[in-house]
Protein chains: 2
Amino acid sequence: MKTIAMLHPGEMGAAVGACLVSRGHRVVWASAGRSPATVARAKAAGLVDAGTVAQALQGAEIVFSICPPHAALAQAKEVAACAYRGIYVDANAVAPKTVHAVQKTVEAVGAQLVDGGIIGSAPNGKNSTRIYLSGKGGADIADLFKGSFLNSIALDAPIGAASALKMCYAAWTKGATALLADIRSLAQAEGVEAALLSEWAISQPATIKRSEQVTAAARKAWRWIAEMEEIASSFEAVGLPGHFHHGASEIYRRLDGFKDIAQPPAMQEILAELLPKKG
Amino acid sequence: MKTIAMLHPGEMGAAVGACLVSRGHRVVWASAGRSPATVARAKAAGLVDAGTVAQALQGAEIVFSICPPHAALAQAKEVAACAYRGIYVDANAVAPKTVHAVQKTVEAVGAQLVDGGIIGSAPNGKNSTRIYLSGKGGADIADLFKGSFLNSIALDAPIGAASALKMCYAAWTKGATALLADIRSLAQAEGVEAALLSEWAISQPATIKRSEQVTAAARKAWRWIAEMEEIASSFEAVGLPGHFHHGASEIYRRLDGFKDIAQPPAMQEILAELLPKKG
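Focus on the domain arrangement of chain A
Residue and element names in this part refer to chain A.
Point 1. According to the domain assignment, chain A consists of domain 1 (3–158) and domain 2 (164–274).
Point 2. The centre of domain 1, based on its C-alpha atoms, is set 28 Å off from the matching centre of domain 2.
Point 3. Listed by partner, the interface residues are 12 residues for domain 1 and 13 residues for domain 2.
Point 4. Broken down by secondary-structure element, the contributors of at least two residues to the side of domain 1 that touches domain 2 are α5 (96–107) and β6 (112–119).
Point 5. Of the residues forming the side of domain 1 that touches domain 2, the biggest block, 3 residues, is contributed by α5.

Quick look at the structure:
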């Protein structure tokens, strides 16, 4: 049984932590500076509050970084500043280039990086979620989850592969949601929304519902702004067009006011935010 | 029964012309400077060769412009230069802004514009294709097709609406095809193609086949470069992100070497064109 630090238990991190607890591991976290909602979530997940990040790292053999993509590198720097020398699993939605920067950061102080990518929603036994792992030691991390709600798959591939896979996956799911929201907005701006919906009803019936997935996504849009930029940069790093996800990032930027909203907004509320204000 | 000029009978134009012929109209075209393949196609469709564009316009009450999007405005200028004063139906995949420029061009010499947008493949009785029409006189144009293989729908909306609807529709179908081709290329570049396909098999099974639609699209990519730019400009004209379709345009630009290829290329041939050449 291992001692594992979870930085930081948001919705996904808490659920992944609970999976580790369910396998008998001791999972610690750092409540310093975190919100009451995070405290409640970590407690419910069975995580042990160690106080500060430095305290959480003491005695931990493994650290999981599960945070919004724009915070991933800063998280690695904070851990490196504590001279942490164990295994560091970056399971964030970041570009291969970013995970290589994380690797450089944590390995400079003697830690070892494992690359991770999570696909699916927070694992709770009612859904299907996978964590992909790559790099040396990926198979050992995968083993930690065997028998839990989180399916783990070690790729026989170097650091960068798990992140690349996550980027490819989200490029479609979150990219398509943004593209369709853009299209619904254009239809509304041009006064052809009813005509588009009736044409889709004839030739693309599944597209109508799909174009409204943005309503459920809106509460998470603030986190996806940087994720879309990470995806764009993944394409550009290999000479492919990154434009799609610069567009998706802009769509989610316009929706960031819906952060953590309790009930999904109506489609018309979404379109009102996406379209420039008149006058 | 009307005399109608079809400029120019490509695959779509010839099929739309045949629909008009099937309703008893006389459909003329201009063979001057066109390829033997176009001559054969027009003949098979029952169109009458008038020789030049100027000759085709003589006696025509209605002109249909059905051409690659990048040629739409030049086509209107050529017709205006002949002092044509009948009805001009622009049925091309162009932005509302472009159709307004076409309107200005043809109405300057006394013609009347009707805006059109065709959704679906060339109508042949085995598929389902619609032409949307907007602007004054749209309903009369719609009536020409009643009882033919082409379903016609007059929108109660001004010039620009039929084009906007076409832009919205193609923004998804052709935009999503390009986005998925970009993603497949990234997966290949990062060595995670097999992992992505097996993840999709678990969670997005329809996406695998959809990501290969680009193979069937490749022969038409050369025409879609400008169409994607027309779509991007449609978004930008109303203050929405146009990035997605600048990306799609770049994808189709990389595939323009497959122009009119007889057999769809293999997926790996597509990816080889999309990825920058090494070394």
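There is more to say after this.
A short note on the nonpolar core
Point 1. Membership of the largest hydrophobic core comes to 204 residues, with the highest contact counts inside it found for Val63 and Cys168 of chain A together with Val63 and Cys168 of chain B.
Point 2. Filtering out sequence-adjacent residues up to four positions away, Val63 of chain B remains in contact with Ala5, Leu7, Leu57, Val79, Tyr84, Gly86, Tyr88 and Val89 of chain B.

Concerning helix α12 (residues 243–254) of chain B
Point 1. Taking 1.5 Å of rise per residue, 12 residues should cover 16 Å, and α12 of chain B covers 17 Å from first to last C-alpha, within 8% of that figure.
Point 2. Most of α12 of chain B is tucked away, with 10 of its 12 residues classed as buried.
Point 3. Buried within α12 of chain B we find His243, Phe244, His245, His246, Gly247, Ala248, Ser249, Ile251, Tyr252 and Arg254 of chain B.
Point 4. Elements that come into contact with the buried residues of α12 of chain B comprise α7 (161–189) and α12 (243–254) of chain A together with α7 (161–189), α11 (221–237) and α13 (267–274) of chain B.

Let's talk about the confidence of the model for chain A
Point 1. For chain A, the average pLDDT comes to 97, and 100% of its residues sit at 70 or higher.
Point 2. Listed scores for the predicted complex are pTM 0.97 and ipTM 0.97.

Structural notes on the interface of chain B and chain A
How large an interface is tends to be reported as the accessible area lost when its parts come together.
Point 1. At the junction of the two partners, chain B supplies 48 residues and chain A supplies 48 residues.
Point 2. For the side of chain B that touches chain A, the elements supplying multiple residues, two or more each, are α7, α8 (193–203), α11 and α12 of chain B.
Point 3. For the side of chain B that touches chain A, the residue count by class is 31 nonpolar, 13 polar and 4 charged.

Focus: the sheet that holds strand β3 (residues 48–49) of chain B
Residues and elements named next belong to chain B.
Point 1. The 8 strands lie next to each other as β3-β2-β1-β4-β5-β6-β7-β8, forming an open sheet whose pairing is mixed. Strand pairing shows two members of the sheet lacking a second neighbour, β3 and β8 (150–154), which therefore form its edges.
Point 2. As paired elements, strand β5 (residues 87–90) and strand β6 (residues 112–119) share 4 bridges and run parallel to each other. Paired with Val89 across the strands is Val114, a residue of β6.
Point 3. This element, helix α5 (residues 96–107), spans β5 and β6 of the sheet and lies at about 145° to β6.

Quick look at the sheet that holds strand β2 (residues 26–29) of chain A
Point 1. Pairing within the open sheet is mixed, and its 8 strands lie in the order β3-β2-β1-β4-β5-β6-β7-β8 (chain A). One side of each edge strand has no neighbouring strand; the edge strands of this open sheet are β3 (48–49) and β8 (150–154) of chain A.

Definitions and cut-offs
- One numbering rule holds for all chains: residues counted from 1, following each sequence as written.
- Here chains are named by letter from A upward and ligands by number from 1 upward, in the order in which they appear as written.
- Local features are withheld for residues below a pLDDT of 70 in this predicted model, meaning they are given only at 70 or higher, and side-chain atom pairs are given and counted only at 80 or more; totals for whole chains, interfaces and linings count all residues.
- Bear in mind that the domain bounds are from an automatic or database domain assignment.
- Here contacts are defined at the residue level, using C-beta atoms placed from the backbone and a cut-off of 7 Å between them.
- Helix and strand labels come from DSSP, where a helix needs a run of H or I of at least four residues and a strand needs a run of E of at least two; each type is numbered from the N terminus.
- When buried Ala, Val, Leu, Ile, Met, Phe, Trp, Tyr and Cys residues are joined through C-beta atoms within 7 Å, the set is termed a nonpolar core.
- The burial label depends on the number of other C-beta atoms within 10 Å of a residue's C-beta. Counts of 20 or more mean buried, 12 or fewer mean exposed, and intermediate counts mean partly exposed, with C-beta atoms placed from the backbone.
- Each helix should span, by expectation, one fewer than its residue count multiplied by 1.5 Å.
- One number per residue, pLDDT, summarises how confident the predictor is, and it ranges from 0 to 100.
- Gly is put with the polar residues, along with every residue not named as nonpolar or charged; the nonpolar set is Ala, Val, Leu, Ile, Met, Phe, Trp, Tyr, Cys and Pro, and the charged set is Asp, Glu, Lys and Arg.
- Strands were regarded as paired on the criterion that DSSP finds at least two bridges between them.
- Throughout, an axis means a line fitted to C-alpha atoms (over the contacting stretch in the case of helices), and angles, computed between N-to-C directions, take values from 0 to 180 degrees.

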